[in-house]
Amino acid sequence: MKSDSVIGCLLGTAVGDALGLPYEGLSPGRARRLLGPPDRYHFIGRCGMVSDDTEHSRMVLEALLSSDSDPDRFETEFARRLKWWLLCLPAGCGLATARACLKLWLGFAPSSSGVFSAGNGPAMRSAVLGTMFEDVNVVLDFVRRSTRITHTDPKALFGAQVVALAAWLNRQQQPFDGQQFLALVERSLPSEAEELLTLLKSAGRSVQLGETTPEFAASQGMSHGVSGYVYQTVPVAIHAWLAHSDCYENAVQAVIDCGGDADTTSAIVGGIVGAGVGPNGIPAALLSSLWEWPYTVDYLTKLASDCATAVDSCQRTSNQSSRRWLMHPGVPLRNIVFLIIVLSHGFRRLLPPWWRWPNRHLRRLSSRFAQSQFTLNKPRRPAENCRDESNAQNRWIEPLTSDPRVKSPPVAGSCRVWFWLAGPGRFA
Ligand SMILES: [Mg+2]
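Source: prediction; values computed, not measured. (Residues numbered from 1 in each chain as written. Predicted model: local features only at pLDDT ≥ 70, side-chain atom pairs only at ≥ 80, totals over all residues.)

Chemist: In this structure, what is going on with the overall build of the protein chain? I would like to understand it.
Modeler: When its secondary structure is counted, the protein chain shows 20 helices and zero strands. Burial statistics for the protein chain: of 428 residues in total, 49% are counted as buried. In the protein chain, of all internal contacts separated by at least 6 residues, the share reaching a separation of at least 24 is 80%. (Helix = DSSP H or I, 4+ residues; strand = E, 2+ residues; numbered from the N terminus. Buried ≥ 20, exposed ≤ 12 C-beta atoms within 10 Å, placed from the backbone. Contact = placed C-beta atoms within 7 Å.)

Below you can see the structure in the form of structure tokens.
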């Protein structure tokens, strides 16, 4: 059902964004020591808040709704929302997006306001577009229009289109075929996207070999974290999706485990996987502990549902759905609270070395305890909502059983008991 897919995509983006946000900018090792595994929110207590990734996806749907899915009007509506979004002082905003928004305020048209950048801004908001339309060419056109408002480097466009195609395929076909996805990308993107296609093929090959997403990231030179460069973000996100397409939790945790721009990578994967599993595939506990206002989970659900209905029936949105605020007047207040929490996280990361002394000893003690009580490299407990993922490798047409490099299915996660016991987060 299309409505479920759009709702799942938007909520999946929001939950992934909130889960990954506290890990943003940290290397995998430091993230584990500081926060522990990403199996719950670590932003404010056990609650999560979203950042620009979700806000942009929400604004894309709002622009679609108020433009009646007319491409030209969509561009204008989305640009208007971006301008007001910047004025509300968002705590997280990419440099290219900020510069493009300033150009919009200076009077540039949406078609010429973009700046030359290969950041992942357009990719983080394109999954929802992949769930909205049946025709791939329409999806690609809307992604192109959404991208050029802020980014003009073709790499940013190709990355955004790949994310949209993944969400489109995940909605259209379950179970999907990884080779079919690569063929779809190859058909849809121009020859200039050859470098990205090669990276995607590497990701597919890595899934076949049973490598985990952090192992794939490390093999591509991202052992200290995934950057905001779209040719790093998108292949890693696609790897996590291909390896864990049935399981929302494992998919977003796999990509957060890679470190770096964790909120964006997790939001992208969350959106793609959410398009396939729908809202019921996203853990209810994570949805209920999303601490957001004024754009609550209920608001996002209704927005996605209204948008799916409007596009399906091609109805003009003269009803209440089109009467939304360009930006809710409570957003600046919400952003100030958000900024204070973000700054507190920043200060927490800068704490002086004195607190590492007791932590070091506690870690040693708890490590001994963990080794005596638990088996290291114990497989992660399967998530409640997940089906068996051991078939991930079987989704590929080409058999690899004769390849000597083929390993057993990935052992997701390792015993993190001592991280949990001794992580600095326990004492913050
Ligand atoms: Mg963000």
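Still to come is the rest of the account.
Chemist: Quick question: what am I supposed to make of the environment of Gly94 here?
Modeler: Along the chain, Gly94 falls in the loop between α4 (71-87) and α5 (95-105). Gly94 gets classed as buried once you count the C-beta atoms within 10 Å, which come to 20. In this structure the C-alpha to C-alpha distance between Gly94 and Gly121, which are 27 residues apart in sequence, comes to 7.1 Å. Setting aside anything within four residues of it in sequence, one finds Gly94 in contact with Gly119, Gly121 and Gly228.

Chemist: Explain the environment of Pro214 to me, please; I cannot follow it from the model alone.
Modeler: Mapped onto the elements, Pro214 comes out in helix α12 (residues 213-219). When the 22 C-beta atoms within 10 Å are taken as the criterion, Pro214 is described as buried. Remark: the alpha-carbon pair of Pro214 and Gly259, spanning 45 residues in sequence, is separated by 8.5 Å. Once residues within four sequence positions are removed from consideration, Pro214 is found in contact with Pro28, Asp257 and Cys258.

Chemist: Would you explain helix α3 (residues 52-66) in this entry?
Modeler: Counted at 1.5 Å a residue, the expected span for α3 with its 15 residues is 21 Å, and the 21 Å between its end C-alpha atoms agrees. In terms of burial, α3 is a largely internal element, 15 of the 15 residues being buried. Positive phi shows up at Asp68, right after α3, with a value of about 55°. (Expected span 1.5 Å × (residues − 1).)

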